[in-house]
Amino acid sequence: MQQAWEKYERLLEELRGLKRVVVAFSGGVDSSFLLKAALEALGPDNVLAVTADSETYPEREREAAIALAKEIGSPHLVIQTSELAIPGYAENPINRCYFCKHELFSHLIPIARERGFQHVVFGAIADDLGDFRPGLQAARERGVIAPLQDVMLYKREIRFLSQKLGLRTWDKPSLACLSSRIQYGERITKEKLSMVDQAELFLLQLGFRQVRVRHHDRIARIEVPAQELAQVVEVADMVVTKLKEIGYQYVTLDLQGYRTGSMNEAVSAG
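Let me sum up the structure you'll find in this document. (Residues numbered from 1 in each chain as written. Predicted model: local features only at pLDDT ≥ 70, side-chain atom pairs only at ≥ 80, totals over all residues. Heavy atoms only, no water.)

### Overview of unusual backbone geometry
Part 1 of the reasoning: A positive phi is found at Met-152, a non-glycine position, where the angle reads about 60 degrees.
Part 2 of the reasoning: Positionally, Met-152 belongs in the loop between α6 (147–150) and α7 (155–164).
Part 3 of the reasoning: Phi angles above zero are rare outside glycine, and Asp-217 is one such case at about 60 degrees.
Part 4 of the reasoning: Residue position: Asp-217 is located in the loop between β5 (212–216) and β6 (219–223).
Part 5 of the reasoning: For Asp-217, a relative accessible area of 49% translates into the label partly exposed. (Helix = DSSP H or I, 4+ residues; strand = E, 2+ residues; numbered from the N terminus. Buried < 20%, exposed > 50% of the residue type's maximum accessible area, 1.4 Å probe, protein only.)

Okay, here's the thing in structure tokens:
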């Protein structure tokens with residue numbers, strides 16, 4: 001992984017050139033690594049982590065982000081946002097993430113200016129270049145920088161470097177906002193987001209680490225890594241009972257297993 005360390009040195013160099021940065025910080029693998037690197041490159045006086053708390057962000061993740069920022073010694077601010085109030089967002093078009101990121105950056109840029117930070121950075125990575133990511137367009141339009149992507153750091157490298165740097169997020173399951181679980185074109189509501197959140201929390205409590213509950217009207221499509229499919233079947237009765245209590249009529253298991261952005265498969269096919 002020598003190449004990963006070389007990319008890390010280039011990352012630190014780029015961050016030093018930015019002088020003072022606001023980091024969009026969700027507490028996931030990528031934004032945590034970016035925050036750690038920014039602190040090393042610039043020091044805590046020149047870094048501010050900002051977490052946006054909204055209906056699409058699980059409470060457990062907010063608390064984890066607060067704890068992690070404190071643990072690694074970063075100044076941290078939690079702000080309130082509401083994606084569902086963004087015109088066009090709740091209708092869940094295929095470019096939904098554009099609206100979300102545009103709104104996020106609309107909050108972060110004024111915070112940066114008011115507090116004397118020159119730039120806003122976020123945790124897009126090299127892997128995102130090969131997927132449908134409308135949020136990248138919003139970043140380009142607002143002048144928000146993706147340093148991890150600039151030095152072509154991939155997820156596997158970020159996990160490796162995170163472990164070496166002592167970040168406990170190095171093996172954290174991938175995150176995405178709860179809205180990403182709802183099929184495009186189906187209206188997003190607080191009720192649906194809550195259903196997804198409750199269903200995933202239940203599966204996490206059963207011991208599954210990487211989980212998605214994809215919401216298709218009243219159908220729950222469960223994704224776990226392919227090697228764990230049999231384990232879901234073993235507790236199927238319990239899972240079905242719980243998810244029906246939450247509000248789903250049918251509970252299904254995706255035999256392809258977990259994969260990032262599976263809702264985008266329909267976009268690609270179209």
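### Points about empty space enclosed by the protein
Where empty space is left can be seen by rolling a probe of water-molecule size over the atoms.
Part 1 of the reasoning: Summed over the entire model, instances satisfying the criterion amount to 1 cavity of 30 Å³ or more.
Part 2 of the reasoning: Computed from the structure, the largest cavity encloses a volume of approximately 30 Å³.
Part 3 of the reasoning: Around the largest cavity, the lining residues are Ala-52, Thr-81, Glu-83, Cys-100, Glu-103 and Leu-104.
Part 4 of the reasoning: Among the elements that take part in the lining of the largest cavity, helix α4 (residues 96–114) stands out by supplying 3 residues, more than any other. (1 Å grid on protein atoms, 1.4 Å probe; cavity = no way out; pocket = protein on both sides within 12 Å on 5 of 7 lines; lining within 4 Å. Points joined across faces, edges and corners; volume = space filled by probe spheres on them.)

### Section: the sheet that holds strand β7 (residues 250–253)
Part 1 of the reasoning: Across the sheet, which stays open at both edges, the 3 strands sit in the order β5-β6-β7 with mixed pairing between neighbours. With one partner strand each, in any of the chains shown, β5 and β7 form the two edges of the open sheet. Sheet twist, expressed as the mean angle between neighbouring strand axes with direction ignored, is 25 degrees.
Part 2 of the reasoning: Looking at chain direction, β5 and β6 are connected through 5 bridges and run antiparallel. Among the inter-strand pairings, Arg-214 is bridged to a residue of β6, identified as Arg-221.
Part 3 of the reasoning: Across the sheet, helix α8 (residues 190–205) lies against β5 and β6, angled at about 150 degrees from β5, the strand it touches most. (Pairing = 2+ DSSP bridges. Axes fitted to C-alpha atoms, helices over the stretch in contact; angles between N-to-C directions. Contact = heavy atoms within 4.5 Å.)

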